[in-house]
Amino acid sequence: MTGGGRPGPDVTGSWVHAFEEDTPAEAVYRPADRPFPPARRPRRRIEFRPDGTYTERRPARDDRLNEVEGRWDAQGTDQIAVTFPDGSGSPFALTVLSRTEDRLVLAR
């Protein structure tokens, strides 16, 4: 089950962008507790909690991570809708291409 209680892809957990593994069509994320090689830029972090809350930590202009909180809900078998009820961001959809215990792949 997902944040909103609808069946869909299981994306729950904390994920860190493994941009070294990206392809032109895919963005690859690994569990946050996995070791990552050093990088010159901060890594984007996303977290999907079972209660439907969503947290994103994205690099800001000064290279620090800017945190934004929202809500997530599955929309069918491979879509995730992310909204920001407090107006802190624009809603968007994610397409889940695959998910294993140690890898989450999203469409770019």
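Residues numbered from 1 in each chain as written. Predicted model: local features only at pLDDT ≥ 70, side-chain atom pairs only at ≥ 80, totals over all residues. Heavy atoms only, no water.

Student: What is the right way to look at the packing of aromatic side chains in this model?
Tutor: Aromatic ring pairs are defined here through the distance separating the ring centres and the angle between the ring planes. Following the criterion strictly, the structure yields 5 aromatic pairs and no others. Consider the rings of Tyr54 and Phe84, whose centres lie 6.3 Å apart with planes at 75°: the pair is edge-to-face. Residue Tyr54 is located in strand 4 (residues 53-59), and its partner Phe84 is located in the loop between strand 6 (79-83) and strand 7 (92-100); the two are separated by 30 residues in the primary sequence. Taking 6.1 Å as the distance between ring centres and 35° as the angle between the ring planes, the aromatic pair formed by Phe84 and Phe92 counts as tilted. Relative accessible area serves as the criterion here: at 26%, Phe92 is assigned to the partly exposed category. Joined through ring pairs, the aromatic side chains of Phe48, Tyr54, Trp72, Phe84 and Phe92 make up one cluster. Just above the ring of Phe19 sits the side chain of Arg43; from NZ or CZ to the centre is 4.5 Å. (Phe/Tyr/Trp six-rings, centres within 6.5 Å; stacked < 30°, edge-to-face > 60°. Helix = DSSP H or I, 4+ residues; strand = E, 2+ residues; numbered from the N terminus. Buried < 20%, exposed > 50% of the residue type's maximum accessible area, 1.4 Å probe, protein only. Lys NZ or Arg CZ within 6 Å of the ring centre and 35° of its normal.)

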